[in-house]
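Spelled out from the first residue to the last, the chains are:
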Amino acid sequence: MAAIRGRSTQNFIGGRWCPPESGRTRPNINPADVSDHLGDFAESGGLDVDNAVAEATAALPEWKALGPIRRAEYLRVAERLVEERAEDLAVTISREQGKLLKEARGEVKRALAIIDFTAGEARRLNGVTTPAEELRTLSYTFRAPIGVVGLITPWNFPLAIPMWKIAPALLAGCTAIFKPSPLTPLTAALLTEVFADAGVPTGVLNLVQGDIAAGEALVANPLVAGVSFTGSLAVGLKIHEAGAPRLMRSQLELGGKNAVLVLDDADLDKAVRATVIGAFGQAGQRCSATSRVIVDTKVKEAFLARLVAEVSALKPGEDVCPVVDEQRMNTCLNAIAAAQETGAKVAVGGLRATEGLPEGFYIQPTVLADVPWDSEIAQEEIFGPVLSVIDCDGFDDAIRISNSVKYGMSGTVFTADITRAFEALDRLEAGMLHVNRPGVGAYAHLPHMGSKLSQFGPPECSPQVWDFYTEWRSACITY
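Anyway, here's the lowdown on the structure attached to this text.

**So, the overall build of the protein**
Here is step 1 of the chain: Within the protein, the secondary structure is distributed over 16 helices and 22 strands.
Here is step 2 of the chain: The C-alpha atoms of the protein give a radius of gyration of 23 Å, which matches the 23 Å a tight globule of 479 residues would have.
Here is step 3 of the chain: In terms of overall dimensions, the protein has a C-alpha envelope of 75 × 60 × 40 Å along the principal axes.
Here is step 4 of the chain: The 479 residues of the protein split such that 57% are buried.
Here is step 5 of the chain: Carbon and sulfur atoms provide 53% of the accessible area of the protein, an area that totals close to 19,100 Å².

**Focus on the packing of helix α2 (residues 46-66) against helix α3 (residues 68-84)**
Here is step 1 of the chain: Two elements in contact, α2 and α3, have axes separated by 6 Å at closest approach and are oriented at 105 degrees. It follows from the interaxial angle that α2 and α3 lie roughly perpendicular. Seen from α2, the contacting residues are W63, K64 and L66; seen from α3, they are P68, R70, R71 and Y74.
Here is step 2 of the chain: Residues belonging to the contact of α2 with α3 are distributed by class as follows: 4 nonpolar, no polar and 3 charged.

**A look at helix α14 (residues 395-402)**
Here is step 1 of the chain: Here α14 lies mainly inside the structure; 6 of its 8 residues are buried.
Here is step 2 of the chain: Among the residues making up α14, those that are buried are F395, D397, A398, I399, I401 and S402.
Here is step 3 of the chain: For α14, the elements touching its buried residues are β12 (258-262), β13 (290-296), β16 (386-392) and α15 (418-427).

**With respect to the sheet that holds β16**
Within a beta sheet, neighbouring strands are joined by backbone hydrogen bonds and run either parallel or antiparallel to one another.
Here is step 1 of the chain: Taken together, the 7 strands give an open sheet; going across it, the order is β14-β15-β16-β13-β12-β18-β19, and neighbouring strands pair in mixed fashion. This sheet does not close on itself; its edge strands, each paired only once, are β14 (345-348) and β19 (432-435). Taken over all neighbouring pairs, the strand axes of this sheet differ in orientation by 25 degrees on average, direction set aside.
Here is step 2 of the chain: Judged from the 3 bridges that link them, β14 and strand β15 (residues 366-369) form a sheet pairing that is antiparallel. Bridging from a neighbouring strand, V346 pairs with L368 of β15.

**Brief notes about the side chain of S250**
Here is step 1 of the chain: Its location among the elements puts S250 in strand β11 (residues 249-253).
Here is step 2 of the chain: Polar contacts involving the side chain of S250 include one to the side chain of H240, which spans 3.2 Å.
Here is step 3 of the chain: Among all residues touching S250, those that are not within four sequence positions of it are V227, H240, F456, G457 and F468.

**Some remarks on the packing of aromatic side chains**
Here is step 1 of the chain: With the rule as written, the count across this model stands at 5 aromatic pairs.
Here is step 2 of the chain: Here the aromatic rings of F12 and W17 are separated by 4.8 Å at their centres, their planes lie at 55 degrees, and the arrangement is tilted.
Here is step 3 of the chain: Residue F12 is classed as buried on the basis of its relative accessible area of 9%.
Here is step 4 of the chain: Note on F468 and Y469: the rings are 4.8 Å apart at their centroids and 85 degrees apart in plane angle, and the pair reads as edge-to-face.
Here is step 5 of the chain: The buried category is assigned to Y469, whose relative accessible area is 0%.
Here is step 6 of the chain: When the ring centre of F157 is taken as reference, the NZ or CZ atom of K99 above it lies at 4.2 Å.
Here is step 7 of the chain: In this structure, R400 is placed above the aromatic ring of W373, and the distance from its NZ or CZ to the ring centre is 4.7 Å.

**Section: the pattern of salt bridges**
Here is step 1 of the chain: Enumeration according to the criterion identifies 29 salt bridges in this entry.
Here is step 2 of the chain: The partner of R85 in a salt bridge is E193, with the nearest N and O atoms 3.8 Å apart. Note that R85 is positioned in the loop between α3 and α4 (86-97) and E193 in helix α7 (residues 185-197), a separation of 108 residues in sequence.
Here is step 3 of the chain: A single salt-bridge network, built from bridges that share partners, covers D264, D265, K298, D417 and R420.

**So, the sheet that holds strand β22 (residues 470-478)**
Here is step 1 of the chain: Spatially, the 3 strands line up as an open sheet ordered β5-β6-β22, and their pairing is antiparallel. At either end of the open sheet lies a strand with only one pairing partner, and these are β5 (129-130) and β22.
Here is step 2 of the chain: Where strand β6 (residues 137-145) lies against β22, 9 bridges are found, and the strand directions are antiparallel. The residue bridging T137 from the neighbouring strand is T478, located in β22.

**Details of the nonpolar core**
Here is step 1 of the chain: By size, the foremost hydrophobic cluster in this structure holds 59 residues, and its most contacted members are V108, V149, M163, I166, F195 and Y469.
Here is step 2 of the chain: In terms of residue count, helix α6 (residues 160-172) provides more of this core than any other element does, 9 residues in total.
Here is step 3 of the chain: Those residues in contact with V108, other than ones at most four positions away along the chain, are V82, A86, L89, A90, I93 and L159.
Here is step 4 of the chain: Among the nonpolar cores identified, the runner-up in size contains 57 residues, and V260, L307, A398 and F414 belong to it.

**Thoughts on a nonpolar patch on the surface**
Here is step 1 of the chain: Taken together, the side chains of L138, I477 and Y479 make up a nonpolar region of the molecular surface, amounting to roughly 310 Å² of accessible area.
Here is step 2 of the chain: Judged by its relative accessible area of 38%, L138 falls in the partly exposed class.

**As for unusual backbone geometry**
Here is step 1 of the chain: Of note, R136 is a non-glycine position whose phi angle comes to about 50 degrees, a positive value.
Here is step 2 of the chain: By the element assignment, R136 lies in the loop between β5 and β6.
Here is step 3 of the chain: Judged by relative accessible area, R136 falls into the exposed class, the value being 54%.
Here is step 4 of the chain: One non-glycine residue, C461, lies in positive phi territory at about 60 degrees.
Here is step 5 of the chain: Relative to the helices and strands, C461 resides in the loop between β21 (455-456) and α16 (466-469).
Here is step 6 of the chain: Classification of C461 as buried rests on a relative accessible area of 5%.

What counts and what doesn't
- Residues numbered from 1 in each chain as written.
- Predicted model: local features only at pLDDT ≥ 70, side-chain atom pairs only at ≥ 80, totals over all residues.
- Heavy atoms only, no water.
- Helix = DSSP H or I, 4+ residues; strand = E, 2+ residues; numbered from the N terminus.
- Rg over C-alpha atoms; globule rule 2.2 N^0.38 Å.
- Buried < 20%, exposed > 50% of the residue type's maximum accessible area, 1.4 Å probe, protein only.
- Areas by Shrake-Rupley, 256 points an atom, 1.4 Å probe, with all protein chains shown as cover.
- Axes fitted to C-alpha atoms, helices over the stretch in contact; angles between N-to-C directions.
- Parallel < 35°, antiparallel > 145°, perpendicular 65-115°, else oblique.
- Contact = heavy atoms within 4.5 Å.
- Nonpolar A, V, L, I, M, F, W, Y, C, P; charged D, E, K, R; others polar.
- Pairing = 2+ DSSP bridges.
- Polar contact = N/O pair within 3.5 Å; in protein donor to acceptor, adjacent residues only side chain to side chain.
- Phe/Tyr/Trp six-rings, centres within 6.5 Å; stacked < 30°, edge-to-face > 60°.
- Lys NZ or Arg CZ within 6 Å of the ring centre and 35° of its normal.
- Salt bridge = Lys/Arg side-chain N within 4 Å of Asp/Glu carboxyl O.
- Core = buried A, V, L, I, M, F, W, Y, C linked by side-chain atoms within 4.5 Å.
- Patch = residues over 30% accessible without salt bridge, like charges linked within 9 Å, V, L, I, M, F, W, Y side chains within 5 Å.

Following this line, the structure appears as structure tokens:
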């Protein structure tokens, strides 16, 4: 506890806090106020990763032997500690990642739901008994942990996403090396501390702070049986390619270019409210964020007028948080400028927000109208508070435009026609589908996953997650 509160540079390897072997650190800055320095954190490399993998490998046999019901007891203690430390965690998330405090509190609640669901799965990690072909023989199947796993997590949900990797990894009987984003190291350290304080045995969960060097070393280590990664498509492809020669298991949750379809019979007020929540909550920095709204031309003008009015009332710093760093801010602003060169028009926003704000990475919530469906901003992930409005000519055209992108994370339709609603669910190429509600988020017990280039491997946050952290065994016993 003291090491973290002192804003140390340390990793957590083999049950102890230790500095990086490189001796190098990087600053941790509040994106809402760059004068707020949260500390300097480890910039780890291959030696730190190899030390962590060695500790996880040594801890594996004993942890595996405990069985899922006893392993779940540690998760229950960790759940209680997260609940006790909820406000401290929320404040840290808000300062470190930049999201509004109410959004950070929501993330803590999501993390609690995930660990609660996961612990409850302990008594359902079962196989099946089957008929045998011979007499006096019992045949059955069971699950076994795959071994040491690497968990590489992003900055946009620095508590919830690590939780939905760490909790099932540990319950399954794996040991783990947790490599968080270098933009959110303090939240990662506090979460690691929760599991340490819950009594998780030495070496079972190890934290290695750092960036590319640490991630590459984790993927390259031959003792790592699998890597679960959430982040960009480009990095996910590199992880998959690097692990393929040794058949390393990978679970990749990647980008999204998510659409809300507003059909000609939609409740426009509900559609606007849901679109604003999906596009500008957490400044659009979610893999399931709404970045396109595809509107039937029959209702386009009425929808756009309502949308512009609501977005114009949003206040940066109060209703919309900053983006995570200067690079993300510049990427968004450059994308807005490039979109205008292809015919898009700024209906509201479009600039950096500075008035009445501390120095931070704020962008005005932006709506772009008349966006060509095949333009770059309509096809590529922006990951910021930028929404493209795209015209469509009826239901079939809306489906075609929605499916035109390489991603398939989330898809949403607003319609009063139940037949078209169910047909949309059949035809939309996305992993998480919604009707007449915001297109972000899911429940802790539902699969969090995409299709196409948004996902590779089993989903997370559901019973299906065990297909990543475990492998099947079959047994036949003659008596």
